[in-house]
Amino acid sequence: MKRIYLGEFEEIVLLTVAVLGDGAYGVSISDAIEEQTGRSASLSAVHAALHRLQEKSMLHSRMGEATAERGGRRKRLFTVTALGNRTLNEIRTVRNRMWDSISPQNFPAVSI
Amino acid sequence: MMKQPNPPHMADRLLKWFCAPHLLEEIQGDLHERFGQNVEAFGEKAARRKYYTSVIGFFRPFAIKRKKETYYSKPVNSTDMLRSYFKIAFRNLAKNKVYASINIVGLAIGLAAAMLILLYTKDEISYDQFHAQNPNIYRIVNRWTNPDGSLKNADGNTGSLPGPRFKDKIPEIEAFVRVRSDFRNIKMGTEIKSQELLYADAGFFSMFSFPLSAGNPATALQKPNSAVISEELAEKYFGTTDVLGKTLEMLEDGKPAPVLITGVSKKCPQNSTLKFDLLLPMQVSQEEIQNKENWFSFYLNTFVLVHPASDIAKVEAKMKQIYEADARDAIKLMLEKYDVKESAAYLLQPYTDIHLNTQYQASNGLSDASNPMFSYILTGISIFILLIACINFVNLTVSRSLKRAKEIGLRKVVGGDRSQLIFQFLGESFGLCFLAFALAVGLVNMILPTFNQLSNKALSFSYLLDIQLIIGYVAIFLVTSLMAGFYPAYILSGFDPVQTLYSRFTLSGKNYLQKGLLTLQFGLASFLIIATMTIYSQFNYLTNKELGYDDKNLVMVDKWRLSRNEARLFKNELLKNPDILGYAPKNGGGWGTVAKINGDTQINFSYETVDAEFLPMLKIPVIQGRNFSADFPGDSSQSVIVNESFVKKAGWKNPVGQDVRFFVGESDQVYKVIGVTKDYHYDALNQKIGSQLFTMKSQNEYGVSYIKIKPNTEQSSLAYIEKTFKKLFPVHSYSYRFKDVENLKNYESEAKWKQILLFGTLLTIFISCMGLFGLATLSAERRTKEIGIRKVLGASIGSIVQLLSTDFLKLVSFSLVVAFPLAYYATQQWLSNYPYQVPFNVWIFVLTAVATIGLVLLTVGYQSVRAALMNPVKTLKSE
């Protein structure tokens, strides 16, 4: 089976959506990324990544309620799909396995 | 409360412009939310700046790309819907066979007519286009202007001088070819045949692209006694086309002058003005070239090849200079000797212009000159027919569609959108049009032979496979389909489904468009009827008008240079046969000259050399004075007879005894008028009778013998004339013509046009009536219930017929009122081209009105009566 490839930024966005749960939409995701990773993520980059993830069927979206601070515009709310969930898990498993197979003498560079 | 700061308007506008609509809401929402945060964190100014950069950040493919419309745009292309359209269209056609056939056949006829005309006009324009040297071939023509600057005449012929003179002195002129037609006698076994041929300069085949099937085109005409013969003529004389190197026995002044065949040419294309069967090299002697007086003889066509990059106006200016310098002495001489005061200017006429030019005559080997008027008339008729057929289509489809309102309503209710309906109805119209087109191609194929005969053409169906024509037909097809289909498609699709499905909905309305189209249609038809009747009566007038002389049983026999002695001999021999009633010789061809009267006034006239028998034999009355007579021996050297027009032009009160002075050479010869004849049409009736003068002057040669025979003895008399001619003039070719047949030939083209016009008009009327019939059917159908109720309430059949017909009658009467003044104006304009016009006849208009209204009554009446006779129980039963 062809493994679905996720870019690093896509992975972070996907994880963020998972973290945020029900309240994941453009601004909140962008804010959360900045908070979690310390790096700023522009709205357009986030939207593009969301768009791609949705095309890869890792995200599901629906329109939310209208809110006043957006001039009555609705938010698009994202949730992680089963495929997204599995992909995240796979990535995590692969990473963990790789961490585990690093021998202790090769560790000096890493300080825990 | 402080006003909430807004994001920059410009940036929003930009976003709105590039961002895909389905993403705009969420993106703009996020941006606005972020803007609000930024205002609080960094202040309004920075927030605005950031807003701009964020908006520009969205300039990415995913945000720009528009979402494909996925919901229900497919049906237009889906096979299911197409199948439905076809099914409905076929059901509709099958249910209304009359309407369907009227639509298709009408359009087919219209299209076929338009196609034929397109073929015809294409052929007219294609004349002479096949020469590879076009457009650099020109003909030298000349214009003569009177001293007061007015145009005297325009002449397509030139003499032997202009060609070589202009070529020598004007570098832009690269080559010249002179062409002259003549008749020569050819011996075939023991027979002597008169054969028309052309003389041409050696460069003929390098200027014109006439292919040779044998022989070298560059050298074929270089030697004096050579000849190029057409395959057709070779077949006739030798029985084979393999004749290169053979000898053709020609006669010159009765003596053998054989020529060697150096080339065999293919048949000249049908659309060539230059046509030849036999081509001989033109020989012009050195003396002829030296003699400057030859600037004043015009008897051949000079064609020149002009360098492509040259300015024609400049070349013409140079020609003028050269002519005026070279011919100076000759011009002076002409002024002294013959009092020629007019001045000539030589001009260049593009070779391809000759065919449709009416100013410079096409003679001397050039034939088929055509009047562009015919092309215009034909094109007009075809446009009329096509227009009327399209009007039928539009009218019928609109009326028909009223019955389909429910279908449209239902289609809309189940989600059909307007573009789909337009697609459906345009598609139907295109389909019908295509059917009509196929039918039209078949029709053209069928009619073409008849059309060729009528229009004197050799068009073939393969002409249709020309790329330009195909484009033309496709254009006609598209325009017709769109014209016919667009309006109904547009109107129908605009119906409100709620209204159409509401059962009491009627779409009667005012129908201005339909009424307008019907009026236009019948206006056109009645206009054409009047035009045809006028043209018809004018042509009848031309062929039946009293000519002023008796052309019955009059045989004409040509003999070049018939001397007085020969004529006497011929006459004596002929009159031995009791069936031959009379004999009178006359000069051959039409001569014209100029003489002085009333002192120094010059007068132009037709110059007829006859004998004393001529006027009495042709029953031309002498109304004053007397005829020539043997009792007055001086008649041949002192007397002339003139016609009424001559007297009128001269302004004589007492014509008899007046002097006519001919200035030949240094001394004038004075003749006395001894009689005046009544005017008669010596020329075709489309020429005005001019001044005419008869003389017996013995220096003038006769060229043709008029022989009057007893009625119903044609066979024996002709045999006797031929026998006598061959006995007396053994080395001359014999041919005879009947004068009355020849007179009719003058109107051959008119007769053909008469037929084409009649044909066109009948077609127009037929198509119009077909359309009207369809409309009447539909209107009667639509009003079945109304008629039923009226009948139940006691209306008579007569009153119902009247009810149904009045609408149409009103419209048609109105169209007549509009068409009549226009038709009157147009026909009077056309008639003014003819010097002898049929008098204005009010009956033409009355007849047109009666015929049109009669036809309308007949067409509509049938339907009305049928509708009126229906049993009201049947029509009212179903709701």
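So, a few notes on the structure that sits alongside this text. On a predicted model such as this, the values are computed, not experimentally measured, just so you know.

Tallying secondary structure elements over chain B gives 29 helices and 24 strands in all. The 879 residues of chain B split such that 34% are buried. Relative to all contacts within chain B whose residues are 6 or more apart in sequence, the contacts with residues 24 or more apart total 81%.

What follows concerns the interface of chain A and chain B. Between chain A and chain B, the contact holds 15 residues from the first and 16 residues from the second. Taken together, the elements giving at least two residues each to the side of chain A that touches chain B come down to α2 (26-37), α3 (43-55) and β2 (74-80) of chain A. Top contributing element to the side of chain A that touches chain B by residue count: α3 of chain A, with five residues.

As a general point, the strands of a sheet are linked pairwise by backbone hydrogen bonds and lie either parallel or antiparallel. All names here are of chain B. Here we have four strands laid out as an open sheet, ordered β15-β23-β14-β24, and antiparallel in their pairing. The sheet is open, and its two edges are formed by β15 (580-586) and β24 (736-738), each paired on a single side. Taken pair by pair, the neighbouring strands of this sheet meet at an average axis angle of 25°, ignoring direction. Sheet analysis places strand β14 (residues 554-562) next to β24, joined by three bridges and oriented antiparallel. Its bridge partner lying in β24, Met 556 is registered against Arg 737. Across the sheet, helix α19 (residues 564-575) is in contact with β14, β15 and β23 (702-709); its angle to β15 comes to roughly 170°. Of the strands in this sheet, β14, β15, β23 and β24 are in contact with helix α23 (residues 714-728), which crosses β14 at around 10°.

Moving on to α2 of chain A. In a regular helix each residue adds 1.5 Å, so twelve residues correspond to 16 Å; α2 of chain A covers 16 Å between its end C-alpha atoms and thus fits that length. For α2 of chain A, every residue scored as buried is listed here: Gly 26, Val 27, Ile 29, Ser 30, Ala 32 and Ile 33 of chain A. Those residues of α2 of chain A hidden inside the fold are in contact with α1 (8-20) and α3 of chain A together with α2 (21-42) of chain B. Remark: Gly 38 of chain A follows α2 of chain A within two positions and exhibits a positive phi of approximately 80°.

Here is the key point about a regular strand: its side chains alternate between the two faces of the sheet. Residue and element names in this part refer to chain B. Alignment of strand β3 (residues 173-188) against strand β12 (residues 301-306), held across six bridges, turns out to be antiparallel. In the sheet register, Val 177 faces β12, and the bridge partner there is Phe 303. With ten bridges joining them, β3 and strand β4 (residues 191-200) adopt antiparallel strand pairing. Within the sheet, the bridge partner assigned to Asn 185 lies in β4 and is Ser 194. Relative to strand β8 (residues 250-252), β3 runs antiparallel, the two being bridged by two bridges. In the strand pairing of β8, Ile 186 is matched with Met 250.

With that out of the way, let us pick up the packing of α1 of chain A against α3 of chain A. All names here are of chain A. Where α1 contacts α3, the two axes come as close as 10 Å, and the packing angle between them is 85°. One finds that α1 runs roughly perpendicular with respect to α3. Within the contact between the two elements, α1 uses Phe 9, Glu 10, Val 13 and Leu 14 and α3 uses Val 46, Ala 49, Leu 50, Arg 52 and Leu 53. Class assignment for the residues of the contact of α1 with α3 results in seven nonpolar, no polar and two charged.

All names here are of chain B. The amide bond that connects Asn 134 to the next residue, Pro 135, takes the cis arrangement and shows omega of 0°. Within the element layout of this structure, Pro 135 appears in the loop between α6 (97-126) and β1 (137-145). Unusually for a residue other than glycine, Asn 553 sits at a positive phi of about 55°. Position of Asn 553 among the secondary structure elements: in the loop between α18 (512-544) and β14. The backbone phi angle of Asn 712 is positive, close to 65°, even though this residue is not glycine. Checked against the element boundaries, Asn 712 lands in the loop between β23 and α23.

Parameters at a glance
- By convention here, each chain's residues receive numbers from 1 onward along its written sequence.
- Note on labels: chains are lettered from A, ligands numbered from 1, in written order.
- The predicted origin of the model limits local features to residues at a pLDDT of at least 70 and limits the giving and counting of side-chain atom pairs to 80 or more, whereas totals for whole chains, interfaces and linings rest on all residues.
- We count a stretch as a helix when DSSP gives it H or I for four or more residues in a row; a strand needs E for two or more, and each element gets its number in order from the N terminus.
- For every residue, the other C-beta atoms within 10 Å of its own C-beta are counted; 20 or more classify it as buried, 12 or fewer as exposed, and values in between as partly exposed. C-beta atoms are placed from the backbone.
- Once C-beta atoms are placed from the backbone, any two residues with those atoms within 7 Å are in contact.
- At least two DSSP bridges between two strands are needed for those strands to be called paired.
- Lines are fitted to the C-alpha atoms to define the axes, a helix being fitted only along its stretch in contact, and any angle between axes, read from their N-to-C directions, falls within 0 to 180 degrees.
- Each residue after the first adds 1.5 Å to the expected span of a helix.
- Note on angle classes: values under 35 degrees are labelled roughly parallel, values over 145 roughly antiparallel, values of 65 to 115 roughly perpendicular, and the remainder oblique.
- Any residue outside Ala, Val, Leu, Ile, Met, Phe, Trp, Tyr, Cys, Pro, Asp, Glu, Lys and Arg is labelled polar, Gly included; the first ten of those are nonpolar and the last four are charged.

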